[in-house]
Amino acid sequence: MSAIRTSKLKKTFDEVVAVDDLTITVTEGEIFGLVGPDGAGKTTTMRLLTAIMEPTSGDAWVAGFHVVKEAEAIKERIGYMSQKFGLYPDLSVMENINFYADIYGVPRKGRSKRIDELLAFSNLTPFKQRLAGNLSGGMKQKLGLACALIHTPKVLFLDEPTNGVDPVSRRDFWRILYQLLREKVTIFVSTAYLDEAERCNRLGLIYKGQILALGTPDEVKQIMPGAILEIRVADSRKAYQLLKKELREESVGLFGERIHIVTRDPQKVESEAAKILQDAGIDASAPRPIEPSLEDVFVSVLAEQERSEQAR
Amino acid sequence: MFERIKHMLIKEFIQIFRDPKMKGVIFLMPVIQVLVFGYAVTTDVKHVATAVYDQDNSPASRELVSRFAGTEYFDVAEYIYHEGRVTELLDHGKVRAIIRIREGYGDDLRAGKTPQLQVIVDGTDSNTAGTVLDYTTDITREYSKQVLSRRYARLQGQPVDPPRVVLDTRPWFNANLESRNFYVPGVIAIIVMLITLMLTSMAVVREKEIGTMEQIMVTPITPAEFILGKTVPFALIGIADVILVTVVGVFWFEVPIRGNLALLFLATGFYLMTTLGVGLLISTVSDTQQQAMMSTFFFYFPAVLLSGFMFPIANMPESVQWLTYLNPLRYFLVVVRGIFLKGIGPLILWPQMAALLVMGLITLWFASKRFKKTSV
């Protein structure tokens with residue numbers, strides 16, 4: 001059974017289309033990542049699925065309930081963590097958790113056991129009495145997660161949960177998410193970080209409200225048109241400028257000391273690039289084809305999209 | 001449903017009482033306001049600093065001056081001996097009135113002519129100036145009457161008191177015409193409005209700002225539960241402030257309370273519905289606490305000025321008077337003053353009570369409707 005299913009889900013604000021005919025399915029017990037740049041429509045999608053906003057048209061079902069007609073049933077079965085952590089800074093860790101437990105109507109019986117579990121796996125036990133406002137960014141985020149999980153939801157929505165959190169806390173956070181999967185919780189996470197997208201079971205690439213690619217990280221990498229050639233070069237900036245000027249047809253990207261050329265005709269471009277650099281007297285490694293990372297896919301798919309939009 | 005509202009209330013109270021500044025706003029501000037209005041704000045005009053410019057300096061002129069100085073209304077601050085000092089004193093605001101008696105006053109009076117007395121008042125504060133002029137008219141009239149009867153007596157050889165009508169004034173409800181009896185009950189109305197407007201709008205907007213609003217909207221809580229959870233605490237605080245101000249007013253300032261306390265609380269309840277409703281409305285049009293604060297004052301000041309709290313509504317232009325019918329404070333002031341000073345009951349106050357109830361229901365209904373639309 002699918003935990004989330006949408007069909008031609010659409011939301012427009014005045015003239016702007018925030019979410020455009022979104023059709024996706026998320027299977028129970030998986031982590032699904034909604035990946036896209038800022039303003040792509042991730043938060044709006046979250047709000048539509050968590051039933052705090054009504055779609056302009058189309059349908060969506062979460063945990064088997066319709067987001068408009070059965071919104072109340074959905075609210076009892078989902079947890080949600082918005083971008084702002086949604087905690088009361090002047091209440092303590094325990095007061096925040098208890099407040100959300102009360103609002104969700106978590107029965108007193110068994111509640112303290114649940115709270116202890118949540119505090120333990122989020123490492124917040126020593127900070128029970130601390131005011132939420134005095135927690136570090138990473139701890140706030142874990143407290144937000146604990147509050148969103150207090151009523152043992154079936155589906156968990158996380159809107160850019162690790163935005164502005166340090167790398168160690170981010171890794172911690174993902175460790176917790178994987179633990180949740182063992183409890184059969186479905187996780188729907190939005191992110192602009194591609195390393196996080198790699199950790200998802202499946203992901204959807206969203207841009208300007210539209211899904212551009214959908215599948216497992218490996219599948220998404222396959223949709224990349226053409227191949228990637230990597231060149232390692234010391235004076236990468238100069239080489240990058242030059243290649244960009246000469247190879248107009250291809251998409252050239254700079255990643256530190258590496259230059260990536262995305263092309264549909266790797267054989268031809270391989271020799272062309274080598275020749276250009278040789279002629280300019282730039283000392284560089286020979287271009288070699290590599291496996292695309294999500295970042296490459298992301299950049300090239302978005303570039304493709306922009307080009308086709310301009311052509312229109 | 002009641003469970004959730006109860007927990008919202010508990011949370012709200014923890015937050016309010018954890019903030020020391022909040023405690024000050026809730027408990028200290030009302031007391032300070034009552035003290036200010038009880039002691040400092042008074043429209044009674046007494047002990048007006050007065051200068052005397054007696055150019056005649058005769059027994060008759062000195063007698064006239066003593067008539068003024070003998071009242072509690074005029075305090076002679078200085079005797080003037082040259083013209084220039086008149087302007088100087090008024091310019092510096094050292095005196096508010098100058099009594100000037102021209103040379104020849106005593107002679108004229110003895111000769112049976114009608115001498116003139118000049119009183120110069122500082123007209124900057126027109127209210128006080130008007131009152132001072134009323135006093136001088138009264139004192140001069142009384143003095144003229146005596147001069148007249150003395151003259152009769154001399155002419156006829158025996159003292160004669162010409163027949164006249166004696167005016168016997170008696171202010172009801174506030175026998176000594178004390179300003180504080182008028183203002184202290186009014187403070188209840190304005191303080192409750194300010195506190196509930198501000199706290200409600202700020203508390204809701206704060207949840208928007210810190211993002212808990214969105215977090216709460218995903219929970220099974222209904223908008224009605226949220227609205228009640230956000231307004232009932234401030235209604236309770238409003239009622240606590242009514243009690244606080246009443247206690248200070250009655251026991252400290254000895255403001256009489258002649259009417260029914262239960263009626264006062266019932267009216268407060270109706271009145272709170274309007275102020276909480278407006279507070280909620282403000283929260284739906286504000287995204288930040290600053291905006292909420294500005295909007296609160298944008299509503300509050302006109303409401304106070306056009307309520308009859310300080311300035312009588314009857315003196316306002318007619319179009320503005322119509323506007324005051326939309327002001328809940330206007331009705332509540334009539335009720336509060338009626339209960340405190342006149343001791344009147346629902347038989348007389350029902351139109352005001354009904355107006356408050358209707359306005360309360362309408363604002364609350366409208367605010368909740370808007371709230372549901374804008375909260376996400």
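Residues numbered from 1 in each chain as written. Chains lettered and ligands numbered in written order. Predicted model: local features only at pLDDT ≥ 70, side-chain atom pairs only at ≥ 80, totals over all residues.

Here we come to the overall build of chain A. If you tally the helices and strands in chain A, you get 11 helices and 15 strands. In chain A, which comprises 312 residues, the share counted as buried stands at 42%. Considering only contacts within chain A whose residues lie at least 6 apart along the sequence, 71% involve residues at least 24 apart. (Helix = DSSP H or I, 4+ residues; strand = E, 2+ residues; numbered from the N terminus. Buried ≥ 20, exposed ≤ 12 C-beta atoms within 10 Å, placed from the backbone. Contact = placed C-beta atoms within 7 Å.)

Moving on, we come to the overall build of chain B. Helix and strand content of chain B: 14 helices and four strands. In terms of overall dimensions, chain B is more spread out than a globule: its C-alpha atoms have a radius of gyration of 29 Å, far above the 21 Å expected for 376 residues. Along the longest, intermediate and shortest principal axes, the C-alpha atoms of chain B span 100 × 50 × 40 Å. For chain B, the residues scored as buried account for 37% of the 376 residues in total. Of the contacts formed within chain B by residues at least 6 apart in sequence, a portion of 79% connects residues at least 24 apart. (Rg over C-alpha atoms; globule rule 2.2 N^0.38 Å.)

Next up on the list: the sheet that holds strand β13 (residues 251-255) of chain A. Residues and elements named next belong to chain A. Here we have four strands laid out as an open sheet, ordered β13-β14-β12-β15, and antiparallel in their pairing. Each edge of the sheet is formed by a strand with only one pairing partner; in this case those strands are β13 and β15 (288-290). The mean inter-strand angle of the sheet, taken between neighbouring strand axes irrespective of direction, is 35 degrees. Relative to strand β14 (residues 258-263), strand β12 (residues 227-232) runs antiparallel, the two being bridged by six bridges. Opposite Leu229, over in β14, you have Ile261 as the bridge partner. Strands in contact with helix α10 (residues 266-279) are β12, β14 and β15; relative to β12, the strand with the most contacts, it is inclined by about 20 degrees. (Pairing = 2+ DSSP bridges. Axes fitted to C-alpha atoms, helices over the stretch in contact; angles between N-to-C directions.)

Moving on to the sheet that holds strand β2 (residues 74-79) of chain B. Residue and element names in this part refer to chain B. In spatial order, the strands read β2-β1-β3-β4; together these four strands make up an open sheet with mixed pairing. Looking at the sheet topology across the chains shown, the edges are occupied by β2 and β4 (117-121). Here the strands of the sheet are splayed against their neighbours by 30 degrees on average, with no regard to which way each runs. Here strand β3 (residues 97-101) pairs with β4 via five bridges, running antiparallel. Paired with Ile98 across the two strands is Ile120, which belongs to β4. Running over the sheet, helix α6 (residues 126-156) touches β1 (48-54), β3 and β4 and is turned about 165 degrees from β4.

On to the interface of chain A and chain B. The partner chain B presents 20 residues to the 23 residues of chain A that form the contact. Breaking the side of chain A that touches chain B down by element, the ones donating at least two residues are α2 (71-77), β7 (78-81) and α3 (93-103) of chain A. Examining the composition of the side of chain A that touches chain B, we find that four residues originate from one element, α3(A), more than from any other.

Another point: the domain arrangement of chain B. Split into domains, chain B comes out as domain 1 (7-41 + 178-374) and domain 2 (48-156). Placing a centre on the C-alpha atoms of domain 1 of chain B and another on those of domain 2 of chain B gives a separation of 49 Å. (Domains from an automatic or database assignment.)

It is worth spelling out the environment of B:Thr136 at this point. Residues and elements named next belong to chain B. Counting through the fold element by element, Thr136 comes out in helix α6. Given 18 C-beta atoms within a 10 Å radius, Thr136 is considered partly exposed. Taking the C-alpha atoms as reference, Thr136 lies 12 Å from Gly70; in sequence the two are 66 residues apart.

A few words now on the pairing of strand β5 (residues 57-62) of chain A. Here is the key point about a regular strand: its side chains alternate between the two faces of the sheet. Residue and element names in this part refer to chain A. Relative to β5, strand β1 (residues 2-13) runs antiparallel, the two being bridged by five bridges. Paired with Lys10 across the strands is Ser57, a residue of β5. With two bridges joining them, β5 and strand β6 (residues 65-66) adopt antiparallel strand pairing. Paired with Trp61 across the strands is His66, a residue of β6.

Turning our attention to the pairing of β12(A). Two strands pair when backbone bridges link them, and β12(A) and β15(A) are joined in this way by three bridges, in the antiparallel orientation. Note that in β15(A) the partner of A:Ile228 across the bridge is A:Ile290.

Turning our eyes to something else, we now look at the nonpolar core. If you look at the biggest cluster of nonpolar residues, it comprises 138 residues, and the most contacted ones within it are A:Ala146, A:Leu205 and B:Phe332. For this core, the element with the highest residue contribution is helix α7 (residues 179-210) of chain B, accounting for 19 residues. Residues in contact with A:Leu205, not counting those within four places in the same chain, are A:Val35, A:Gly36, A:Ile211, A:Leu212, A:Ala213, A:Val220, A:Phe298 and A:Val301. The next biggest cluster of nonpolar side chains, apart from the first, holds 18 residues, and it includes B:Tyr53, B:Leu64, B:Phe68 and B:Val95. (Core = buried A, V, L, I, M, F, W, Y, C linked by C-beta atoms within 7 Å.)

On to the confidence of the model for chain A. Put simply, chain A has an average pLDDT of 87, and 100% of its residues get 70 or more. Mean pLDDT across the elements of chain A bottoms out in helix α11 (residues 294-311) of chain A (78) and peaks in α3(A) (94). (pLDDT = per-residue confidence, 0-100.)

Unusually for a residue other than glycine, B:His47 sits at a positive phi of about 50 degrees. Note on placement: B:His47 falls in the loop between α2 (20-40) and β1.

What follows deals with the confidence of the model for chain B. All names here are of chain B. Mean pLDDT over chain B stands at 88; residues scoring 70 or higher make up 97%. Mean pLDDT across the secondary structure elements of chain B bottoms out at α6, with 83, and peaks at helix α11 (residues 289-305), with 94. Here the prediction assigns the complex a pTM of 0.78, and the interface score ipTM is 0.77.

Two measures define how a pair of helices packs: the angle their axes make with one another and the distance between the axes. Residue and element names in this part refer to chain B. At their nearest, the axes of helix α10 (residues 261-285) and helix α13 (residues 328-342) sit 10 Å apart, and the two run at 170 degrees to each other. If you check the angle between α10 and α13, you find them roughly antiparallel. From α10, Leu263, Leu264, Ala267, Tyr271, Thr274 and Thr275 reach across to α13, where they touch Pro328, Phe332, Val335 and Ile339. (Parallel < 35°, antiparallel > 145°, perpendicular 65-115°, else oblique.)

With that out of the way, let us pick up the packing of α2(B) against helix α9 (residues 223-252) of chain B. Residues and elements named next belong to chain B. α9 packs onto α2 with a crossing angle of 35 degrees between their chain directions and a minimal axis gap of 10 Å. For the element pair α2 and α9, the recorded crossing hand is right-handed. Facing α2, whose interface residues are Ile26, Phe27, Pro30, Val31 and Val34, α9 presents Ile237, Asp241, Leu244, Val245, Val248 and Gly249. In terms of residue class, the contact of α2 with α9 is built from nine nonpolar, one polar and one charged. (Left-handed = near helix turned anticlockwise from the far one by under 90°. Nonpolar A, V, L, I, M, F, W, Y, C, P; charged D, E, K, R; others polar.)

Residue and element names in this part refer to chain A. With respect to the helices, strands and loops of the structure, Val297 is situated in helix α11. The class of Val297 is buried, set by 25 C-beta atoms lying within 10 Å. For the pair Val297 and Gln222, spaced 75 residues apart in sequence, the C-alpha to C-alpha distance is 8.7 Å. Discounting chain neighbours no more than four positions away, the residues touching Val297 are Val220, Lys221, Met224 and Pro292.

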